[in-house]
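Residues per chain, in single letters:
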Amino acid sequence: MHVALKERTGRKELYERPELLYLILAVIFSIVFMVIFTPWNSVDGPTHFMAGYRYSNKLMGLPEWSVRGNDQDVVYENLYDGSFSGMSKHYELFCSDKTIQDDANKCKYMDFYGAFNYLPFILAILIGRIFNLGIMSIGYLGRIISAAFYIFLFYRAIKTTPAGKHIFAFIALFPMTIHMITSYTYDSAVLAVTFNFFACLFRVKSQNEIRKDKYLFELLIWCVALGLVKGGAYAGLLLLLAVLFEKKNGLRKNIAVVLLMAAGLFALLCSNVLLNPSEEFFQLHRAADNKFDFSFFYKHPGKYFVLWLNTVKTYCFPWLFEAIGTNAGYWQTFVLPSLPFALLMLIPTFVAGYFGGADEKKITDKKLLIITIVISLLFLYITPATVLRENLVTNTEIDYCTGRYFLPRYPLIFTVLAGLFSKPAKTSKRKWIVLGSYGVYAVLMCCVSFTFFQSFFYG
């Protein structure tokens, strides 16, 4: 009777709704991370905050590079102080010094990144300044709005994708992902865009919904977003659209796929040239005389290959664990204590992905597999070149390339792998396998959170 009632009502049980399981855990651990970490405790956190601050100035008709009273000093001091006791010295609910001053630490290279990268932060800073909130109050308001905004987008992606729902959910729950959506960074926008791009692409491909214009329109939105976010650094993922070309689609739909690619490339052009007030691509222009620059990548391909090979030998596994979350926060002391938990987190991710998708469409398309491998190798090869300008010419490997740069491709790679090998369990077993996987994952997240807490307060 219970099964018959379920079939009539269409109501799914909790274990069949990974988007809801994600939502519950994401809210809980976002709050935990906001308690553990101070507002600007992320890589380049102050720089990203001030980039959002700059856009709030423009919206308020104020000088582009200006700040209220001691806002700027508090942001940078809080990062390097790194303690709640240091933060509390500067706390005030409302700002007592509203005088507008020149920004002494202008990061003009941040002109390169458009407002699209910082939407929730700009909104929070604008609201905070309109109501004259203190800088710490604004800092936390931005984190709350950011977490709510990106949790919704991840929820949307998990619900949209017809394949790898549990994998999407677990990757969206990685400690690094949770840290990003509660921190001042553009990486949270990158993750939300790539997740939704993959979800829409899988839906159109696996369910042959390329014939439905509304689904193509949603995919169009994420194609454009790929060209806009982080200067279009992940626009190479547009190559995945090639899997949608099929004779049976007809000329009109195949032309639509070409237009999707064109829209993404046009957005890339806009973010880098047409809408970019900066005169240079700061990651690509010539660096100091004693450092590499990006041109080394294509002017000396043989030497770059050797340099890259040395880098991969040294950093391949660290990148994997960093992407999961061993390097969440500003201090590197988090790496060792959280490493075993990061390794264990892959187990429930693949277990749920392997057994949990009884009603999901498998992604087994050979063309998609080939393109995924090609794109993954290209990104792995090119990504270290974007930080060449930070490296001395005497280096034998490339430093400053971190695992979070590779995280946006994880949903694609893991879902394609799961599609090749997964075998859904019977309903009676699946319930406990799925719920057990989320339970184990929640325990591991608690362990990771505790190691972060120990490192932060006692490390």
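Residues numbered from 1 in each chain as written. Predicted model: local features only at pLDDT ≥ 70, side-chain atom pairs only at ≥ 80, totals over all residues. Heavy atoms only, no water.

A.B. asks: Would you take a moment to explain the overall build of the protein for this structure?
C.D. replies: Tallying secondary structure elements over the protein gives 18 helices and 2 strands in all. Within the protein, residue pairs in contact and separated by at least 24 positions form 82% of the contacts whose partners lie at least 6 positions apart. (Helix = DSSP H or I, 4+ residues; strand = E, 2+ residues; numbered from the N terminus. Contact = heavy atoms within 4.5 Å.)

A.B. asks: Sorry, what's going on with the packing of helix 7 (residues 135-160) against helix 10 (residues 187-206) here?
C.D. replies: Geometrically, a packed helix pair is captured by the angle between its two axes and the distance between the axes. Packing of helix 7 against helix 10 leaves a shortest axis separation of 8 Å and a crossing angle of 15°. By the angle class used here, helix 7 and helix 10 are roughly parallel. Of the two elements, helix 7 crosses helix 10, and the hand of that crossing is left-handed. Note on element contacts: helix 10 touches helix 7 through Ser-188, Ala-189, Leu-191, Ala-192, Phe-195, Asn-196, Ala-199, Cys-200 and Arg-203, opposite Tyr-150, Leu-153, Phe-154, Arg-156, Ala-157 and Thr-160. Each residue belonging to the contact of helix 7 with helix 10 can be placed in one class, and the counts come to 10 nonpolar, 3 polar and 2 charged. (Axes fitted to C-alpha atoms, helices over the stretch in contact; angles between N-to-C directions. Parallel < 35°, antiparallel > 145°, perpendicular 65-115°, else oblique. Left-handed = near helix turned anticlockwise from the far one by under 90°. Nonpolar A, V, L, I, M, F, W, Y, C, P; charged D, E, K, R; others polar.)

A.B. asks: In this structure, what is going on with the environment of Tyr-155? I would like to understand it.
C.D. replies: One can find Tyr-155 in helix 7. In sequence terms Tyr-155 and Ala-169 are 14 residues apart; their C-alpha atoms lie 8.1 Å from each other. Excluding anything up to four places from it in sequence, Tyr-155 contacts Arg-17, Glu-19, Leu-20, Tyr-22 and Leu-23.

A.B. asks: Hey, could you run me through the packing of helix 14 (residues 301-324) against helix 16 (residues 366-382) in this one?
C.D. replies: Running from N to C, helix 14 and helix 16 cross one another at 105°; their axes reach a closest spacing of 9 Å. In terms of orientation, helix 14 and helix 16 fall into the roughly perpendicular class. In contact with Pro-301, Tyr-304, Phe-305, Trp-308 and Trp-319 of helix 14, helix 16 contributes Leu-380, Tyr-381 and Ile-382. Across the contact of helix 14 with helix 16, the residue classes tally to 8 nonpolar, no polar and no charged.

A.B. asks: Before we go on, may I ask you to explain the confidence of the model for the protein in this structure?
C.D. replies: It should be kept in mind that the predicted coordinates are not to be read in detail where pLDDT is low. Chain-level statistics for the protein give a pLDDT mean of 83 and a share of 83% at 70 or above. Throughout residues 1-9 the model reports pLDDT below 50, and contacts reaching past four residues in sequence, or to other chains, amount to 7 contacts. (pLDDT = per-residue confidence, 0-100.)

A.B. asks: Would you mind going over the pattern of salt bridges with me for this structure?
C.D. replies: Per the counting criterion, the structure on display carries 9 salt bridges. Between Glu-19 and Arg-17 there is a salt bridge, with the nearest N and O atoms lying 3.8 Å from each other. Residue Asp-187 is joined to Lys-230 by a salt bridge in which the shortest nitrogen-to-oxygen separation is 3.4 Å. One end of the pair, Asp-187, is in helix 10; the other, Lys-230, is in the loop between helix 11 (213-228) and helix 12 (250-274), with 43 residues separating them in the sequence. Of the two residues examined, Asp-187 and Lys-230, each falls in the buried class. Where salt bridges share partners, they join Arg-156, Arg-203 and Glu-218 into one cluster. (Salt bridge = Lys/Arg side-chain N within 4 Å of Asp/Glu carboxyl O. Buried < 20%, exposed > 50% of the residue type's maximum accessible area, 1.4 Å probe, protein only.)

A.B. asks: Quick question: what am I supposed to make of the layout of surface pockets here?
C.D. replies: If you roll a probe as big as a water molecule over the atoms, it shows you where there is empty space left. Estimated volume of the second largest pocket: approximately 520 Å³. At the level of secondary structure, the elements contributing two or more residues to the lining of the second largest pocket comprise helix 14, helix 15 (335-355), helix 16 and helix 17 (410-421). Counting residues per element, the lining of the second largest pocket draws most heavily on helix 16, which supplies 6 residues. Its residues assigned to classes, the lining of the second largest pocket comprises 17 nonpolar, 2 polar and 1 charged. (1 Å grid on protein atoms, 1.4 Å probe; cavity = no way out; pocket = protein on both sides within 12 Å on 5 of 7 lines; lining within 4 Å. Points joined across faces, edges and corners; volume = space filled by probe spheres on them.)

A.B. asks: Could you clarify how one ought to interpret the nonpolar core in this entry?
C.D. replies: Nonpolar side chains in soluble globular proteins tend to end up buried together. Tyr-22, Phe-197, Leu-219, Leu-240 and Leu-241 are the most contacted members of the largest nonpolar core, which totals 104 residues. Looking at which element gives the most residues to this core, the answer is helix 10, with 13 residues. Residues within four places of Tyr-22 in sequence aside, it is in contact with Tyr-150, Ile-151, Phe-154, Tyr-155, Ile-158, Ala-169, Ala-172 and Leu-173. Judged by nonpolar contacts, the second largest core, of 24 residues, contains Trp-40, Tyr-76, Ile-138 and Tyr-184. (Core = buried A, V, L, I, M, F, W, Y, C linked by side-chain atoms within 4.5 Å.)

A.B. asks: Help me out: how do you make sense of the side chain of Glu-218 in this one?
C.D. replies: Structurally, Glu-218 is set in helix 11. Polar side-chain contacts of Glu-218 include one of 2.8 Å to the side chain of Arg-203. Those residues within four positions of Glu-218 in sequence are excluded, and the remaining contacts are Arg-156, Thr-160, Cys-200 and Arg-203. (Polar contact = N/O pair within 3.5 Å; in protein donor to acceptor, adjacent residues only side chain to side chain.)

A.B. asks: Sorry if this is basic, but what is going on with the side chain of Thr-160 here?
C.D. replies: Structurally, Thr-160 is set in helix 7. Thr-160 gets classed as buried once you look at its relative accessible area, which sits at 10%.

A.B. asks: Can you help me understand the packing of aromatic side chains in this one?
C.D. replies: Each aromatic ring pair is summarised here by two numbers: the centre-to-centre distance and the angle between the ring planes. Summed over all chains, the structure comprises 30 aromatic pairs. Arranged with centres 5.0 Å apart and planes meeting at 85°, the rings of Phe-49 and Tyr-184 form a pair that is edge-to-face. Pair noted here: Phe-49 is in helix 3 (residues 45-59) and Tyr-184 is in the loop between helix 9 (175-181) and helix 10, with a separation of 135 residues, a long-range link. Looking at Phe-49, the relative accessible area reads 0%, which means it is buried. Judged by centre distance (5.9 Å) and plane angle (55°), the ring pair of Phe-297 and Tyr-381 falls under tilted. (Phe/Tyr/Trp six-rings, centres within 6.5 Å; stacked < 30°, edge-to-face > 60°.)

A.B. asks: Help me out: how do you make sense of a nonpolar patch on the surface in this one?
C.D. replies: A contiguous nonpolar patch, built from Leu-59, Met-60, Leu-123, Ile-127, Ile-130 and Phe-131 and spanning about 590 Å² of accessible area, is present on the exposed surface. The greatest single-element share of the nonpolar patch, amounting to 3 residues, is contributed by helix 6 (residues 119-130). Locating Phe-131 in the fold gives a position in the loop between helix 6 and helix 7. (Patch = residues over 30% accessible without salt bridge, like charges linked within 9 Å, V, L, I, M, F, W, Y side chains within 5 Å. Areas by Shrake-Rupley, 256 points an atom, 1.4 Å probe, with all protein chains shown as cover.)

A.B. asks: Which parts of the structure should I look at to understand the state of the cysteines?
C.D. replies: Disulfide: a covalent bond connecting the sulfur atoms of a pair of cysteines. This structure, assessed with the given rule, holds 0 disulfides. With no disulfide of its own, Cys-200 has Cys-223 as its nearest cysteine by sulfur position, at a separation of 8.8 Å. When its relative accessible area of 0% is taken as the criterion, Cys-200 is described as buried. For Cys-223, a relative accessible area of 0% puts it in the buried group. (Disulfide = S-S within 2.5 Å.)

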